[in-house]
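What follows is the residue order along each chain.
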Amino acid sequence: MATDNLFPECYVDYEAKRQQKLMSIDKSPDRFQAIEKRDNSTVFSTDALKAMFYGKYQTNWKGIERMKGCTEITIYEELLWDLKPKTLIEIGSYKGGSALWLADMMTCFNLSGHVYSLDKDHTYLDPKAVAPNLTFIQGDVFEIEKSLTPEILERPLVFSRSFHIPG
């Protein structure tokens, strides 16, 4: 079956439906809901969720631990593609694999933005976590205004992936 399209018909149908759904969501008054109004149910079993969450500790990007599961990776890619942020702010750097991956995804999607990864402690930061559109900032999330100035906050998207308070 000859076709001018590079993608199979099933993908083209899926993408058309996805775009239509996105357009309806953007105009919906229910697009942004308060947390208490959200449905916290899932179709995944407890065992499936445990396996997915365990799997995130096995992921790497360019040899650096990324700490992202398959669902997070997919969601982050969709957010980047759909929202096209100018600034990405990641709270919690760990080894830097996640921030490096985000910076590389922005480049891959031809987004001219910048990733800022904020953490109080950069002890574990891998020296290979380097990209022209990536900056690691050592700072306290409780005083975030001291680290993230208004000049760098153009069209921001914030990912808070690991925020821990010692108990």
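Our subject in this report is the structure included herewith. In this text the structure is predicted, and so the values were computed from the model without any measurement.

Rules used throughout
- Residues numbered from 1 in each chain as written.
- Predicted model: local features only at pLDDT ≥ 70, side-chain atom pairs only at ≥ 80, totals over all residues.
- Heavy atoms only, no water.
- Helix = DSSP H or I, 4+ residues; strand = E, 2+ residues; numbered from the N terminus.
- Expected span 1.5 Å × (residues − 1).
- Buried < 20%, exposed > 50% of the residue type's maximum accessible area, 1.4 Å probe, protein only.
- Axes fitted to C-alpha atoms, helices over the stretch in contact; angles between N-to-C directions.
- Parallel < 35°, antiparallel > 145°, perpendicular 65-115°, else oblique.
- Left-handed = near helix turned anticlockwise from the far one by under 90°.
- Contact = heavy atoms within 4.5 Å.
- Right-handed = clockwise from strand over helix to strand, strands pointing away.
- Pairing = 2+ DSSP bridges.
- Phe/Tyr/Trp six-rings, centres within 6.5 Å; stacked < 30°, edge-to-face > 60°.
- Lys NZ or Arg CZ within 6 Å of the ring centre and 35° of its normal.
- Salt bridge = Lys/Arg side-chain N within 4 Å of Asp/Glu carboxyl O.

Okay, helix H4 (residues 97-108) next. Between its terminal C-alpha atoms H4 stretches 16 Å, which fits the 16 Å expected from 12 residues at 1.5 Å a residue. Every buried residue of H4 is listed here: Gly97, Ser98, Ala99, Leu100, Trp101, Leu102, Ala103, Asp104, Met105 and Met106. In the segment just after H4, Asn110 is the residue with positive phi, at about 60 degrees.

Glancing now at the packing of helix H3 (residues 70-83) against H4. Contact pair H3 / H4: the axes reach a minimum separation of 10 Å and the direction vectors enclose 40 degrees. Between H3 and H4, the crossing angle belongs to the class labelled oblique. For the pair H3 and H4, the sense of crossing is right-handed. Residues Ile73, Tyr76, Glu77 and Leu80 of H3 form the contact with H4, whose participating residues are Trp101, Leu102, Met105 and Met106.

Turning to the pairing of strand E4 (residues 114-119), a few remarks are in order. Counting buried positions along E4 yields 6 of 6 residues, so the element is predominantly enclosed. Side chains His114, Tyr116 and Leu118 project from E4 onto one buried face, and the interleaved Val115, Ser117 and Asp119 project onto a second face that is buried too. Between the parallel pair strand E3 (residues 87-91) and E4, the chain is carried across by H4, and the sense of this crossover is right-handed. Both E4 and strand E5 (residues 134-138) contribute to a ladder of 5 bridges, which runs parallel. Pairing of Ser117 across the sheet is with Phe136, part of E5.

Turning next to the packing of aromatic side chains. For any pair of aromatic rings, the description consists of the separation of the ring centres together with the inter-plane angle of the planes. One pass over the structure, following the stated rule, counts 3 aromatic pairs. Note on Trp81 and Phe109: the rings are 5.4 Å apart at their centroids and 75 degrees apart in plane angle, and the pair reads as edge-to-face. Remark: Phe109 occurs in the loop between H4 and E4 and Trp81 occurs in helix H3; sequence separation between them is 28 residues. Look at Tyr94 and Tyr124: their rings are 5.9 Å apart centre to centre, the planes differ by 45 degrees, and that puts the pair in the tilted class. Taken as a pair, Tyr94 in the loop between E3 and H4 and Tyr124 in the loop between E4 and E5 lie far apart in primary sequence, 30 residues in all. Positioned above the aromatic ring of Trp81, the side-chain terminus of Lys84 is 4.0 Å from the ring centre.

A few words on unusual backbone geometry. Positive phi values are uncommon outside glycine, yet Met67 reaches one of about 60 degrees. Summarising the element assignment, Met67 is placed in the loop between strand E2 (64-65) and H3. Met67 gets classed as buried once you look at its relative accessible area, which sits at 17%. In this model, Lys84 sits at a positive phi of 50 degrees, which is unusual for a non-glycine residue. Its place among the elements puts Lys84 in the loop between H3 and E3.

What follows deals with the pattern of salt bridges. Opposite charge on two side chains permits them to pair, given that their charged atoms come into close proximity. Counted under the stated rule, the structure contains 5 salt bridges. The partner of Lys128 in a salt bridge is Asp126, with the nearest N and O atoms 3.4 Å apart. Residue Asp126 is classed as buried on the basis of its relative accessible area of 16%.

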